Amino acid sequence: MDEPVIDTLDVPGARLHLETRGAGPLLLFVVGGNGDSAIYGGVAAALADRFTVATYDRRGFARSPLLAPIEDDARIAADADDARRLIAHLGGGPAHVFGSSSGAIVVLELVARHPEVVATAVAHEPPIATLLPDSAEWLAFFDSVQETYRAEGRWPAMARFGAAVGSGRAAGGPPPDVELPQSVVEMMGRVETNMTFWMEHELHQYPRYVPDLDALGAARDRIVPAGGQESREHMPYRPNLVLADRLGLQVVDFVGDHVGYATHPAEFASQLGALLTGPGSVRPGR
């Protein structure tokens, strides 16, 4: 496996950790709530024969330090602007952009605000509670997880969160007999720092995101709502069902669950590559 080229990019208020691999059309991955791009290492390496693959750590997480006080109410807009600046730094786009979980929310905000820099926006399981008919219950639950974090610490809060949203395996870590890549081992050393930042600055804000449906509708030809075949019954999958219905699209299922890109990187990369470049690149309508 070719080693990624490691770089940094200064953006207003932060310094982003950036890694690039391969050559070809630009494909930017936006990471979810752990904030650490190492989780995309396997799928990024598998796609580097077809794309210039860029992965980065979102602002405020361990390898992308803040350079100014954080504004929680402006987090999503700042994350979307960071993605726009990364695309400009890497050639200007339009770029394919893939985001999962919180990263999918960033992708939707990016394509709503800056559709001109996006060729395809794949939003994989964005946990947008405001789209759900039981949104009040879910928002109360996320607030209660934050209260558990403050009262009992990170791991009890993560166990409660994981059990409810269907990512209990991720919250509990990998099976003990699994040999992890070195990049993932190093990422695990950053987990507690990243988890603390997510609990304090993202868990409350991101599920309350209200997407601009008019702007997304205007860019619907480049939006792909996506989910995991094994997570259809879990909360992070459900908002895309509503979003797809509102936009006249269909949810595209990928292998695995909420983190299928990490557990099945080769198969996930094959599906994503075909979606972006093959006959499947035509947007599926309803």
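Residues numbered from 1 in each chain as written. Predicted model: local features only at pLDDT ≥ 70, side-chain atom pairs only at ≥ 80, totals over all residues. Heavy atoms only, no water.

Quick word on the overall build of the protein
Logical step 1: From N to C terminus, the protein includes 12 helices and eight strands.
Logical step 2: Accessible surface, the protein: about 11900 Å² in total, of which carbon and sulfur atoms supply 52%. (Helix = DSSP H or I, 4+ residues; strand = E, 2+ residues; numbered from the N terminus. Areas by Shrake-Rupley, 256 points an atom, 1.4 Å probe, with all protein chains shown as cover.)

Let's talk about the pattern of salt bridges
Two side chains with opposite charge may pair up if their charged atoms get near one another.
Logical step 1: One pass over the structure, following the stated rule, counts 19 salt bridges.
Logical step 2: With its nearest N and O atoms 2.7 Å apart, the salt bridge here joins Arg-59 to Asp-82. With a gap of 23 residues between them, Arg-59 in the loop between strand 4 (52–56) and helix 2 (75–89) and Asp-82 in helix 2 connect regions that are remote in the sequence. For the pair formed by Arg-59 and Asp-82, the shared burial category is buried. (Salt bridge = Lys/Arg side-chain N within 4 Å of Asp/Glu carboxyl O. Buried < 20%, exposed > 50% of the residue type's maximum accessible area, 1.4 Å probe, protein only.)

A word on the confidence of the model for the protein
Logical step 1: In this model, the protein carries a mean pLDDT of 90, and residues with pLDDT of at least 70 account for 89%.
Logical step 2: Scored below 50 in pLDDT, residues 168–178 makes nine contacts in the model with residues more than four places away or belonging to other chains.
Logical step 3: When the criterion is pLDDT under 50, residues 282–286 qualifies, and its contacts beyond four places in sequence or with other chains add up to 16 contacts. (pLDDT = per-residue confidence, 0-100. Contact = heavy atoms within 4.5 Å.)

A few points about the side chain of Gln-146
Logical step 1: Position of Gln-146 among the secondary structure elements: in helix 4 (residues 135–152).
Logical step 2: At a separation of 2.7 Å, a polar atom in the side chain of Gln-146 contacts the main-chain carbonyl oxygen of Met-199.
Logical step 3: Setting aside residues no more than four positions away along its own chain, Gln-146 makes contact with Met-199, Glu-200, Leu-203 and His-204. (Polar contact = N/O pair within 3.5 Å; in protein donor to acceptor, adjacent residues only side chain to side chain.)

A closer look at helix 3 (residues 102–113)
Logical step 1: Spanning 12 residues, helix 3 covers 17 Å between terminal C-alpha atoms, matching the ideal 16 Å at 1.5 Å per step.
Logical step 2: Most of helix 3 is tucked away, with 11 of its 12 residues classed as buried.
Logical step 3: Ser-102, Gly-103, Ala-104, Ile-105, Val-106, Val-107, Leu-108, Glu-109, Leu-110, Val-111 and Ala-112 are the residues of helix 3 that are buried. (Expected span 1.5 Å × (residues − 1).)

Here's the deal with the pairing of strand 3 (residues 26–30)
Logical step 1: For strand 3, a buried count of five out of five residues is recorded, marking the element as mostly surrounded by other parts of the structure.
Logical step 2: Of the two faces of strand 3, the one lined by Leu-26, Leu-28 and Val-30 and the one lined by Leu-27 and Phe-29 are each fully buried.
Logical step 3: As defined by bridge partners, strand 3 adjoins strand 4 across five bridges and the pair is classed as parallel. Across the sheet, residue Phe-29 finds its bridge partner in strand 4, namely Thr-55.
Logical step 4: Between the parallel pair strand 3 and strand 4, the chain is carried across by helix 1 (residues 41–47), and the sense of this crossover is right-handed.
Logical step 5: Relative to strand 5 (residues 95–100), strand 3 runs parallel, the two sharing four bridges. Residue pairing across strands places Val-30 opposite Gly-99, the latter belonging to strand 5. (Pairing = 2+ DSSP bridges. Right-handed = clockwise from strand over helix to strand, strands pointing away.)

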